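Now for the letters of each chain:
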Amino acid sequence: MHRALPRGRPHALGYALSREAPLQRVEECVLNLGKFHNIVRLVAFSPFASSQVALENVNAVSEGIVHEDLRLFLETYLPTKKKKVLLGVGDPKIGAAIQEELGYNCQTGGVIAEILRGVRLHFHNLVKGLTDVSACKAQLGLGHSYSRAKVKFNVNRVDNMIIQSISLLDQLDKDINTFSMRVREWYGYHFPELVKIINDNATYCRVAQFIGNRKELNEEKLEELEELTMDGAKAKAILDASRSSMGMDISAIDLINIESFSSRVVSLSEYRQSLHTYLRSKMSQVAPSLSALIGEAVGARLIAHAGSLTNLAKYPASTVQILGAEKALFRALKTRGNTPKYGLIFHSTFIGRAAAKNKGRISRYLANKCSIASRIDCFSEVPTSVFGEKLREQVEERLSFYETGVIPRKNLEVMKEAMVQAEEAAAEITRKLEKQEKKRLKKEKKRLAAIALASPENSSSTPEECEETNEKPKKKKKQKLQETPQENGTEDPPVSLPKPKKRKSFSKEEFVNNDLETANNGNLPKRKKSLTKQEPVSEPEEATNRSVPKKKRKLSLKEEPLSSGPEEAVSNKSSKKKKKLQKLAQED
């Protein structure tokens, strides 16, 4: 009998588990939906909660790690008797991890790929409520997010720029050599003795551009010629050779073409120097240890040949040793001859300084240290050149040991010193980064302040608008206060302006007195209100009438603490209030 094959698979929507018939029948029914439904049955489906959760699960599956969601899904829906279950998994890495952690027997390869193809083809029919369009959208979105997560990197530690710059540097060297040889041959018709005096290509092009017609060269131009050649003897030799040259005469048009072409070669050589400085700065950021050990140019060539710094870090030391000599290696393996001892690392100074019998030994040792340096650069958080300098010291000691026999230091001692210095260097780098961040924030603040000052129209309009908004309610209050005396026949705007505040306070005090006295006598606040309302209407012409409510307010303020007494005291005091108010009215 064939055992049923439960098969777990991740999808863009979630995890699914299906029970499948014997494998021979499944192969026949992959393309037929009806037969496939009869054979493959969906046991469980666990959708992802969000796109972030889906991305985490897919990253875990691609790295061969059993995610907690997958663990919970398998433990929930698979039977407890693990020996009776055979789980089909498409990826051998995740299959090995499931078998190791959960104990289920997993099968990969062979016919499992055909089963996966059929399930992917009919997955939207196996899950209820899922359409083909929604499944395609989910797969597309998860694919984009997965690709973005894989592509994310630190901008300051990009090795692609190193690969392109070292390739361009090599191409520029070839082009400059070719063009300079063309200038030598072309200008040699007119001044053939200059080729033997100046050997450097860029310097030759500069001198040819400066001299032009050799007959016009005289002692007045000798100082400028010394600045170009950086040597007084050479400048004097050029002047003497120009006077007794065997070259042919040249026309002005030919001379213009030679000068323009030599200027192009000079500009290319200047760009080559700037590119070299750029490469050194990038190598100090991306691979400081490797550049300190073997040099920027050789380290960049190793990274470019490996494809990336990560690939170089994954290579063993034996591969790093012969990296760049693949043709010689395969030729030696084919003819059963001697394999090459070194590849690109031959351009380092250590192998050239070693004796012929020690070149193979020092190349093996140097490749070992290069492999260590590349791994430190690839996986360290803070890039530092301390380890590269210490590894370089070890190579120097080993080279002196081959020559003189002086025993070098042990690797453990050197690495302990390197760790201490690396911690100090990392702390210093973090301090510098903090200072740079502070400077950047200060510049940002200054820039924002300059922008705010540069827009005077906006800044001037905002306070005026604020003043207008503040003045509008005041004007409304003044208008209301002026309307009340005009209705009564009075025209005293200066006297009426300060009184609204006092009336407001008076109304509040009166409101407090009313609240306190309502429990004892409910008629008193009504009489007060009636008196205050009648007095300005009865005598509006005299300004002395304005003082009456002030006295009333003083009296009410003095009598507030007594208003909370017993009923008899309240009645006596109310009668006293009436008498005083009557006297004041008679005096008016």
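Residues numbered from 1 in each chain as written. Predicted model: local features only at pLDDT ≥ 70, side-chain atom pairs only at ≥ 80, totals over all residues. Heavy atoms only, no water.

- The chain is annotated in an unreviewed UniProt entry as Nucleolar protein 56 from Myotis brandtii.
- For the record of the chain, the UniProt heading Subcellular location (unreviewed entry) holds the text "Nucleus, Nucleolus". (UniProt positions renumbered as here; feature names shortened; annotations may be inferred.)

## Some details on a positive patch on the surface
Thought 1: Positive charge collects at one region of the surface, where Arg-431, Lys-435, Lys-438, Lys-439, Lys-442, Lys-443, Lys-445 and Lys-446 lie side by side.
Thought 2: Tracing the sequence through the fold places Lys-443 in helix α23 (residues 411–454).
Thought 3: Judged by relative accessible area, which is 62%, Lys-443 ranks as exposed. (Patch = residues over 30% accessible without salt bridge, like charges linked within 9 Å, V, L, I, M, F, W, Y side chains within 5 Å. Areas by Shrake-Rupley, 256 points an atom, 1.4 Å probe, with all protein chains shown as cover. Salt bridge = Lys/Arg side-chain N within 4 Å of Asp/Glu carboxyl O. Lys, Arg positive; Asp, Glu negative; His and termini not counted. Charge placed at Lys NZ, Arg CZ, Asp CG, Glu CD. Helix = DSSP H or I, 4+ residues; strand = E, 2+ residues; numbered from the N terminus. Buried < 20%, exposed > 50% of the residue type's maximum accessible area, 1.4 Å probe, protein only.)

## Some points on helix α16 (residues 296–306)
Because the α-helix completes a turn every 3.6 residues, residues three or four places apart line up on one side.
Thought 1: Among the residues of α16, those classed as buried are Val-298, Gly-299, Ala-300, Leu-302, Ile-303 and Ala-306.
Thought 2: Considering only its buried residues, α16 is in contact with α9 (160–188), α14 (252–286), α15 (288–294) and α17 (309–314).
Thought 3: Downstream of α16 by one or two residues, Gly-307 has phi in the positive range, about 105°. (Contact = heavy atoms within 4.5 Å.)

## Considerations on the packing of helix α12 (residues 222–229) against helix α13 (residues 232–243)
Thought 1: It is the contact of α12 with α13, at a shortest axis distance of 8 Å, that shows an interaxial angle of 125°. The angle between α12 and α13 places the two elements in the oblique class. The interaxial crossing formed by α12 with α13 has right-handed handedness. Across the interface between the two elements, Leu-222, Leu-225, Glu-226 and Thr-229 from α12 touch Gly-232, Lys-234, Ala-235, Lys-236, Ile-238 and Leu-239 from α13.
Thought 2: The class makeup of the residues in the contact of α12 with α13 is 5 nonpolar, 2 polar and 3 charged. (Axes fitted to C-alpha atoms, helices over the stretch in contact; angles between N-to-C directions. Parallel < 35°, antiparallel > 145°, perpendicular 65-115°, else oblique. Left-handed = near helix turned anticlockwise from the far one by under 90°. Nonpolar A, V, L, I, M, F, W, Y, C, P; charged D, E, K, R; others polar.)

## Some thoughts on a nonpolar patch on the surface
Thought 1: Where nonpolar side chains cluster on the molecular surface, the patch consists of Trp-186, Tyr-189 and Met-248 and spans about 340 Å² of accessible area.
Thought 2: Under the relative-accessibility criterion, Met-248 is labelled partly exposed at 49%.

## Comments concerning the side chain of Lys-369
Thought 1: Here Lys-369 lies in helix α21 (residues 359–379).
Thought 2: Here the side chain of Lys-369 touches Gln-394 through a polar contact of 3.3 Å, side chain to side chain. (Polar contact = N/O pair within 3.5 Å; in protein donor to acceptor, adjacent residues only side chain to side chain.)

## Some remarks on the environment of Ser-165
Thought 1: Following the sequence through the fold, Ser-165 ends up in helix α9.
Thought 2: Taking the C-alpha atoms as reference points, Ser-165 and His-276, separated by 111 residues in sequence, lie 8.3 Å from one another.
Thought 3: Not counting the four nearest positions on each side in its chain, Ser-165 is found in contact with Leu-275, Tyr-278 and Leu-279.

## Let's talk about the pattern of salt bridges
Any two side chains of opposite charge can pair, on the condition that their charged atoms come close.
Thought 1: Tallied over the entire structure, the rule returns 16 salt bridges.
Thought 2: Of the charged contacts in the structure, one is a salt bridge between Arg-71 and Glu-101, with a shortest N-O distance of 2.7 Å. Note that Arg-71 is positioned in helix α4 (residues 68–77) and Glu-101 in helix α5 (residues 92–101), a separation of 30 residues in sequence.
Thought 3: By relative accessible area, Arg-71 is classed as partly exposed at 21%.
Thought 4: In this structure, Lys-390 engages Glu-393 in a salt bridge whose closest nitrogen and oxygen atoms are separated by 4.0 Å. In this pair, Lys-390 and Glu-393 both sit in helix α22 (residues 386–404), 3 residues apart, roughly one turn of the helix.
Thought 5: Looking at Glu-393, the relative accessible area reads 34%, which means it is partly exposed.

## Observations concerning the side chain of Ser-363
Thought 1: On the secondary structure map, Ser-363 appears in helix α21.
Thought 2: Under the relative-accessibility criterion, Ser-363 is labelled buried at 0%.
Thought 3: Leave out the neighbours within four places in its chain, and Ser-363 touches Gln-321, Lys-341, Tyr-342, Ile-345 and Ile-351.

## Focus on the UniProt feature "coiled-coil region" (unreviewed entry) in the chain
Thought 1: With numbering matched to this structure, UniProt assigns "coiled-coil region" (unreviewed entry) to residues 412–451.
Thought 2: Here residues 412–451 is 100% helix and 0% strand, with 58 Å between the C-alpha atoms at its ends.

## Thoughts on the environment of Pro-408
Thought 1: With respect to the secondary-structure elements, Pro-408 resides in the loop between α22 and α23.
Thought 2: The spacing of Pro-408 and Glu-397 is 11 residues in sequence and 5.4 Å in space, taken between C-alpha atoms.
Thought 3: Setting aside residues up to four positions removed in sequence, Pro-408 forms contacts with Glu-397, Arg-398 and Phe-401.

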